[in-house]
Amino acid sequence: MDRPEEVLENAGLGQDYLGQPKTQVLPGFTCDICCEDEPGLETYAMKCGHRYCVDCYRQYLAQKIKDEGEAGRIQCPKDGCNRIVDSKSLDLLVAVDLKYRYVIFDWNPNTTD
Ligand SMILES: [Zn+2]
Ligand SMILES: [Zn+2]
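Everything numeric here is computed off the predicted structure, so don't read it as measured data. (Residues numbered from 1 in each chain as written. Chains lettered and ligands numbered in written order. Predicted model: local features only at pLDDT ≥ 70, side-chain atom pairs only at ≥ 80, totals over all residues.)

Points about the overall build of the chain
Let me state the cut-off plainly: Numbered from the N terminus, helices here are DSSP runs of H or I no shorter than four residues, and strands are runs of E no shorter than two. Three exposure classes are used. Buried residues have 20 or more other C-beta atoms within 10 Å of their own C-beta, exposed residues have 12 or fewer, and partly exposed residues fall in between, all C-beta atoms being placed from the backbone. Contact between residues is assigned whenever the C-beta positions, reconstructed from backbone atoms, fall within 7 Å.
Summing up its helical and strand segments, the chain has 4 helices and 3 strands in all. Order of helices (α) and strands (β) in the chain, N terminus to C terminus: α-β-β-β-α-α-α. Evaluated residue by residue, the chain yields a buried proportion of 16% over its 113 residues. In the chain, the share of contacts with a sequence separation of at least 24, taken over all contacts with a separation of at least 6, comes to 46%.

Examining the sheet that holds strand E3 (residues 51-53)
Under the convention used in this document: Pairing between strands requires that DSSP locate at least two bridges from one strand to the other.
Here we have 3 strands laid out as an open sheet, ordered E1-E2-E3, and antiparallel in their pairing. The outermost strands of the open sheet, each flanked by one partner alone, are strand E1 (24-25) and E3. Alignment of E1 against strand E2 (residues 42-45), held across 2 bridges, turns out to be antiparallel. Directly across from valine 25, in E2, lies its bridge partner glutamate 42.

Observations concerning the nonpolar core
Cut-off, in case you're wondering: In these notes, a nonpolar core means any group of buried Ala, Val, Leu, Ile, Met, Phe, Trp, Tyr and Cys residues linked to one another through C-beta atoms within 7 Å.
Core analysis: the biggest nonpolar cluster contains 13 residues, and Tyr52, Tyr57, Leu61, Ile74, Val85, Leu90 and Val94 have the highest contact counts within it. Of all the secondary-structure elements, those providing two or more residues to this core are E3 and helix H2 (54-68).

A word on the pairing of E2
By the bridge criterion, 3 bridges tie E2 to E3 in an arrangement that is antiparallel. Residue threonine 43 lies in a different strand from E3, and its bridge partner there is cysteine 53. Hairpin connection between E2 and E3: a loop of 5 residues separates the two successive antiparallel strands, and glycine 49 in this loop has a positive phi of roughly 85°.

Here's the deal with the confidence of the model for the chain
The cut-off we apply is this: The pLDDT score gives, residue by residue, the confidence of the prediction method on a 0 to 100 scale.
Averaged over the chain, the pLDDT score is 79; the fraction of residues at 70 or greater is 65%. Here helix H1 (residues 4-10) stands out as the element of the chain with the lowest mean pLDDT, 58, in contrast to E3, whose mean of 97 is the highest. Considering only residues more than four positions removed or in separate chains, one finds that residues 13-17, a stretch of pLDDT under 50, has 9 contacts.

Quick look at the environment of isoleucine 84
Note on placement: isoleucine 84 falls in the loop between H2 and helix H3 (87-93). Remark: the alpha-carbon pair of isoleucine 84 and isoleucine 74, spanning 10 residues in sequence, is separated by 5.6 Å.

Some points on unusual backbone geometry
Glycine aside, negative phi is the norm for most residues, and most peptide bonds take the trans geometry. Although it is not a glycine, cysteine 35 sits at a positive phi angle of roughly 65°. In this structure, cysteine 35 sits in the loop between E1 and E2.

Here we look at the environment of proline 39
Take proline 39: it is sitting in the loop between E1 and E2. On the basis of neighbour count, proline 39 is assigned to the exposed category, with 9 C-beta atoms found within 10 Å. Between the C-alpha atoms of proline 39 and leucine 26, which are 13 residues apart in sequence, the distance is 8.1 Å.

In structure tokens:
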């Protein structure tokens, strides 16, 4: 319990972002995974700064969720990076049906209005 803020952050409750995470289009970016470098490519990076295109991120996360059945411990796609993919990033990148299937978030479907 020496790093309580990290626990909170991993649970998606920390102050990981000042605002909502979002994807970015960066001129001159080349994705390390698929080597795509087309202009207008949407990219995403967590606080660790390892940036990949959104497609690769999505595929990576979907694969992890399907293989391992949980999304609470997925690490950054970068080899050797221990950064856990936080719930806001997952929210942004993972398709809703996948999230629903594995009920991985503190996500309440009872919002009927
Ligand atoms: Zn890519
Ligand atoms: Zn990383």
